[in-house]
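# What the coordinates show
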Amino acid sequence: QVQLVESGGGLVQAGGSLRLSCAASGRSFSRAVMGWFRQAPGREREFVAGIGWTGANGYYADSVKGRFTISRDNAKNAVYLLMNSLRPEDTALYYCAAVEASGRNYRLKDSYDYWGQGTQVTVSS
């Protein structure tokens, strides 16, 4: 059974940092594109960051560029999201996602085949 399990969320003050982790099990995702998405109450699930299977380059939503860093460890079948300079508008449920297919627009949630259950991030002002 394939599972993606997120952890590391919590309550933090504005300007603080959190590091989210996503652990995959059931199969190797070393050749998968991995992504982080978030969903705030009443809003659509939106792309945050993505990373290819080599881990060489991450790409980001404009709203988090320069503050968030995505990375992966294929040996551990894991992907991470380091979030610095957090703002109240970053408050959301954060999801990890994975896809092995090529040629998709990886900024779109419909491009991903596997999802975790999410971890809550709350940033107080």
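Residues numbered from 1 in each chain as written. Predicted model: local features only at pLDDT ≥ 70, side-chain atom pairs only at ≥ 80, totals over all residues. Heavy atoms only, no water.

## What to know about the overall build of the protein
Heads up, the condition is: Only DSSP runs of H or I reaching four residues or more are called helices, and only runs of E reaching two or more are called strands; each is numbered from the N terminus. For this measure, only C-alpha atoms enter the radius of gyration; the expected value for a globule follows 2.2 Å times N^0.38, where N is the number of residues. Categorising residues by exposure relies on relative accessible area from a 1.4 Å probe, with only protein chains included: less than 20% of the type maximum marks a residue as buried, more than 50% marks it as exposed, and the intermediate range marks it as partly exposed. Residues are treated as being in contact if the distance between any of their heavy atoms lies within 4.5 Å. Residue exposure ignores everything except the shown protein chains as possible cover, and the areas themselves are Shrake-Rupley values with a 1.4 Å probe. A positive count includes Lys and Arg, and a negative count includes Asp and Glu. His and the chain ends are not counted in either. Note on charges: their place is set at NZ of Lys, CZ of Arg, CG of Asp or CD of Glu.
Per the secondary structure count, the protein includes zero helices and eleven strands. Radius of gyration (C-alpha) of the protein: 13 Å, near the 14 Å computed for a compact globule of 125 residues. Here the C-alpha coordinates of the protein stretch approximately 40 × 30 × 25 Å along the principal axes. Across the 125 residues in the protein, those meeting the buried criterion constitute 42%. Taking the intrachain contacts of the protein between residues at least 6 apart in sequence as the baseline, contacts between residues at least 24 apart amount to 58%. Of the roughly 6,400 Å² of accessible surface on the protein, a fraction of 46% belongs to carbon and sulfur atoms. Considering the protein, the positive charge centre built from 14 side chains and the negative charge centre built from 10 side chains are found 4 Å apart.

## So, the sheet that holds strand β3 (residues 18–25)
For clarity, the cut-off: Should DSSP find at least two bridges between two strands, the strands are taken to pair. Structural elements are reduced to axes, namely lines fitted to C-alpha atoms, with helices fitted over the stretch in contact, and the angle between N-to-C directions of any two is expressed from 0 to 180 degrees.
Pairing is antiparallel across the open sheet formed by four strands, whose spatial order is β1-β3-β8-β7. Strand pairing shows two members of the sheet lacking a second neighbour, β1 (3–7) and β7 (68–73), which therefore form its edges. Ignoring strand direction, the axes of neighbouring strands in this sheet form an average angle of 15°. For β7 and strand β8 (residues 78–83), the ladder comprises six bridges, and the chain directions are antiparallel. The residue bridging Ile70 from the neighbouring strand is Leu81, located in β8.

## Structural notes on the pattern of salt bridges
Oppositely charged side chains can pair when the atoms bearing their charge come close. To be explicit about the condition: Think of a salt bridge as a Lys or Arg side-chain nitrogen and an Asp or Glu carboxyl oxygen that are within 4 Å of each other.
In total, this model carries seven salt bridges according to the counting rule given. One salt bridge connects Glu100 with Arg27, and the closest N-O pair in it is separated by 2.3 Å. Placement of the pair is Glu100 in the loop between β9 (92–99) and β10 (114–115) and Arg27 in the loop between β3 and β4 (33–39), with a sequence separation of 73 residues. With a shortest N-O distance of 3.6 Å, Lys109 and Glu44 are connected by a salt bridge. In this pair, Lys109 is assigned in the loop between β9 and β10 and Glu44 in the loop between β4 and β5 (46–51), connecting sequence segments 65 residues apart.

## With respect to the pairing of β9
Counting buried positions along β9 gives seven out of eight residues, so the element sits mostly inside the fold. As paired strands, β4 and β9 are joined by seven bridges and run antiparallel to one another. Looking at β9, one finds that Gln39 is bridged to Leu93.

## Regarding the side chain of Asp90
To keep it simple, the criterion reads: Polar contacts, as counted here, are pairs of nitrogen or oxygen atoms within 3.5 Å of one another; within protein the pair requires one atom able to donate a hydrogen and one able to accept it, and residues that are adjacent in sequence qualify only if both atoms are side-chain atoms.
Counting through the fold element by element, Asp90 comes out in the loop between β8 and β9. Overall, the relative accessible area of 0% leaves Asp90 in the buried class. At a separation of 2.8 Å, a polar atom in the side chain of Asp90 contacts the side chain of Arg67. Leaving out residues up to four positions away in the same chain, Asp90 has contacts with Arg38, Arg67, Phe68, Ser85, Val121 and Val123.

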